[in-house]
Amino acid sequence: MAPPSFSSSLAARALLAWYRPAARQMPWRETRDPWAVWVSEIMLQQTRVSVVRERFVEFMARFPDPSSLARAKDDELLSAWKGLGYYRRARLLREGARKVVEDHAGRVPSDPDAFGALPGIGPYTKGAVLSIAFGLSLPALDGNVERVASRFLLLEENPRRKKGKERILDWIASLHKEGNPGEINQALMDLGALICLPKAPSCADCPLKAGCRARLSGRPEEFPRLPERPRPEEVTTQVGVAFREGLVLARRVPQGEINEGQLALPGLGLPKPRG
């Protein structure tokens, strides 16, 4: 654990004192509307913040509540999601919106079990949305938070295995007792995104530097202890391009194939992932 003199209370105060003036300005942080927070968290999965910032306002103007998205047809949905990639997320978001309309009278539920049962909601999304929108003490453990916690705790275990994850969750829970959980979660996210970087972290600027055991050990870049990522596999395919009077021939990708429902050039398609 951290040095005894650097308690969870001190860590939370230092973290929030840094976060309040340094927080990244993003449109979804201007509201605690659970629908807006939910949409932003789904968009931010595997997409750069700069891209989401551009698309979020337009998407919310088009679908200001779950009911409006629940009624959206495929082409309207995919058009609104254009540029964000990973289109399956958009369909899961719509499925979730439909369940909210059917089972919760169109209101995003604050109950963790009810919200967690919606399509496309995993532990991170549940924690982020419910802590930010409703102030519930739930962790939002993404890669940035994992890195900050692993370094602060000098976590020798893999943070994604049971023992390592439990230590991180216990630490986050201790911080939540000292401040608003949603604000604490967002502060940890921003600390990982802006200061506690994977390479060359700006330790001198970190509000937790006095208690960070990885910094005190002189080897912050050795954490978190994660297994090496598998190498990407290169795949090839073939497509045909046919023009006629300024139009391009396309096909609707059938259900069960990668990018189902989208328009694509006719051809062999993409191979399904193995395993």
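As a starting point, this report considers the structure included with it. (Residues numbered from 1 in each chain as written. Predicted model: local features only at pLDDT ≥ 70, side-chain atom pairs only at ≥ 80, totals over all residues. Heavy atoms only, no water.)

## Considering empty space enclosed by the protein
This structure, assessed with the given rule, holds one cavity of 30 Å³ or more. Considering only enclosed or pocket space, the largest cavity measures out at about 120 Å³ in volume. Together, 14 residues line the largest cavity, and R151, C196, C203, C206 and C212 are the ones closest to its centre. Per element, the largest residue contribution to the lining of the largest cavity is three residues, and it comes from helix 9 (residues 143–153). (1 Å grid on protein atoms, 1.4 Å probe; cavity = no way out; pocket = protein on both sides within 12 Å on 5 of 7 lines; lining within 4 Å. Points joined across faces, edges and corners; volume = space filled by probe spheres on them. Helix = DSSP H or I, 4+ residues; strand = E, 2+ residues; numbered from the N terminus.)

## Digging into the nonpolar core
Counting 36 residues, the largest nonpolar core has W35, W38, F59, L69, W81 and L93 as its most contacted members. A total of seven residues in this core trace back to one element, the largest contributor, which is helix 2 (residues 34–44). Residue contacts for F59: discarding those within four places in its chain leaves V39, M43, L69, A80, W81 and L93. Counting 34 residues, the second largest nonpolar core, distinct from the first, contains A23, V145, F152 and I184. (Core = buried A, V, L, I, M, F, W, Y, C linked by side-chain atoms within 4.5 Å. Buried < 20%, exposed > 50% of the residue type's maximum accessible area, 1.4 Å probe, protein only. Contact = heavy atoms within 4.5 Å.)

## A look at the environment of N158
Summarising the element assignment, N158 is placed in the loop between helix 9 and helix 10 (162–176). Each C-alpha atom of the pair N158 and P227 lies 7.9 Å from the other, and the pair is 69 residues apart in sequence. With near-sequence residues (within four places) excluded, N158 lies in contact with G164, K165, R225, L226 and P227. Among the polar contacts made by the side chain of N158, one reaches the main-chain amide nitrogen of R160 at a distance of 2.8 Å. (Polar contact = N/O pair within 3.5 Å; in protein donor to acceptor, adjacent residues only side chain to side chain.)

## Examining the pattern of salt bridges
Pairs can form between side chains of opposite charge whenever their charged atoms are close. Under the defined criterion, the tally for this structure stands at 17 salt bridges. Between R167 and E157 there is a salt bridge, and its shortest N-O distance comes to 3.6 Å. Separated by ten residues along the polypeptide, R167 in helix 10 and E157 in the loop between helix 9 and helix 10 bring together distant segments of the chain. Take R167: its relative accessible area is 23%, and that puts it in the partly exposed class. With a closest N to O distance of 3.0 Å, R219 and E222 form a salt bridge. On the basis of relative accessible area, R219 is assigned to the partly exposed category, the value being 26%. Given a relative accessible area of 37%, E222 falls into the partly exposed group. (Salt bridge = Lys/Arg side-chain N within 4 Å of Asp/Glu carboxyl O.)

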